[in-house]
Amino acid sequence: MNPPLQESAGNTVYYELKKQIVNMELTPGTTLSEKEMSITFNVSRTPVRESFVRLAQEGLVVVLPQRGTRVSLIDPDLVLEAQFMREQLERAVIRLACKQFPEELLAELSNNLSQQQESLMKHDGTAMFELDEQFHRILFEGVNKLGTWGVIQQMNAHLNRSRILWMRTNPHWDHLFEQHRDMYEAICQKDEALADRLMETHLALSIYNLGQLQEKFPDYFNNQTKIY
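Engineer: Honestly, the sheet that holds strand β1 (residues 31–32) in this entry has me stumped. Any pointers?
Structural biologist: Two pairing modes exist for strands in a sheet, parallel and antiparallel, and in both the strands are linked by backbone hydrogen bonds. Strand order in the open sheet formed by three strands is β1-β3-β2, with antiparallel pairing between adjacent strands. Strands at the two margins of the open sheet, each flanked by one partner only, are β1 and β2 (61–64).

Right, here's the structure in full:
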């Protein structure tokens, strides 16, 4: 059964706005107008308003009575919490992957690595970020833990915004590819201890420059918590 038209319109607005916020196309602090969004998406104000509510529940926008809606600032506490959760879960997942991993998904990881190399040559940070996410998702799929991956995505928005901001200000991503390649090889060799260490080091990078980003882009962060 096809979803109602209004629901489809609401989902379209929600997913597109979320994508723009996470990708930093709509930067922290940007004011969002129901009227302007309804014109942009060619929908009534109702699906726009509903999208704002959903995004507010995820901490991506702030709805201010009588003052409108704006994109939320990046919360360092939520960045650290998301990184903590990812580290615990992804280290467990890659250890499982070293025990058993489907050949067809190993092939997908290999293809993903080839695409990462292409993104590096093109200096395409957006593609590199998406391929990074895809690489990790394939790991979860390979050990039958996509539900866990879904839970991570619910907490990942603030962390992902800081990661994308870092990738846009630091064009040197070769080490990301190298770490992914080394994790792939550790899985092929079923080297659980090495894969675990590689994943721990890899995920630590996601918050390594958080303090520098707060200093460089103070208007983008809720700087009640400063990381140095």
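Engineer: Looking at this structure, how should I read the environment of Arg67?
Structural biologist: Structurally, the position occupied by Arg67 is in the loop between β2 and β3 (68–71). Residue classification places Arg67 among the exposed residues on the basis of a relative accessible area of 67%. Along the sequence, Arg67 and Leu80 sit 13 residues apart, while their C-alpha atoms lie 30 Å from each other.

Engineer: Help me out: how do you make sense of the nonpolar core in this one?
Structural biologist: Here is a general trend for soluble globular proteins: nonpolar side chains tend to be buried in one another's company. Leu17, Phe101, Leu109, Leu139 and Ile187 are the most contacted members of the largest nonpolar core, which has 60 residues in total. In terms of residues, this core owes the most to one element, helix α4 (residues 76–99), which gives seven residues. Residues within four places of Leu109 in sequence aside, it is in contact with Phe101, Phe135, Ile138, Leu139, Tyr184 and Ile187.

Engineer: Honestly, the packing of aromatic side chains in this entry has me stumped. Any pointers?
Structural biologist: What describes a pair of aromatic rings is the distance from one ring centre to the other and the angle between the planes of the rings. Tallied over the entire structure, the rule returns three aromatic pairs. When the ring of Tyr14 is compared with that of Tyr15, the centres are 4.8 Å apart and the planes differ by 65°; the resulting orientation is edge-to-face. Residue Tyr14 is classed as buried on the basis of its relative accessible area of 4%. Plain terms: the ring middles of Phe217 and Tyr220 are 5.5 Å apart, the flat faces sit at 5° to each other, and that makes the pair stacked. Look at Phe217 and you get buried, because its relative accessible area is 18%. The residue whose ring lies beneath Arg54 is Tyr14, and the NZ or CZ to ring-centre distance is 3.7 Å. Over the face of the ring belonging to Tyr15 we find Arg54, whose NZ or CZ atom lies 5.9 Å from the ring centre.

Engineer: Help me understand helix α2 (residues 34–41), please; the structure alone is not making it clear to me.
Structural biologist: For the α-helix, the turn length of 3.6 residues means that residues three or four positions removed from each other point alike. Taken together, the buried positions of α2 are occupied by Met37, Ser38 and Phe41. All buried residues of α2 fall inside an arc of 100° around its axis, so they share one side. Across α2 from its buried face, at more than 90 degrees, point the exposed residues Ile39 and Thr40. Two to three positions downstream of the cap, the backbone nitrogen of Lys35 sits 3.3 Å from a side-chain oxygen, assigning the N-cap of α2 to Ser33. Of the residues flanking the end of α2, it is Asn42, one or two places downstream, whose phi is positive at about 55°.

Rules of the game
- Residues numbered from 1 in each chain as written.
- Predicted model: local features only at pLDDT ≥ 70, side-chain atom pairs only at ≥ 80, totals over all residues.
- Heavy atoms only, no water.
- Pairing = 2+ DSSP bridges.
- Helix = DSSP H or I, 4+ residues; strand = E, 2+ residues; numbered from the N terminus.
- Buried < 20%, exposed > 50% of the residue type's maximum accessible area, 1.4 Å probe, protein only.
- Core = buried A, V, L, I, M, F, W, Y, C linked by side-chain atoms within 4.5 Å.
- Contact = heavy atoms within 4.5 Å.
- Phe/Tyr/Trp six-rings, centres within 6.5 Å; stacked < 30°, edge-to-face > 60°.
- Lys NZ or Arg CZ within 6 Å of the ring centre and 35° of its normal.
- Arc of directions from axis to C-beta.
- Polar contact = N/O pair within 3.5 Å; in protein donor to acceptor, adjacent residues only side chain to side chain.

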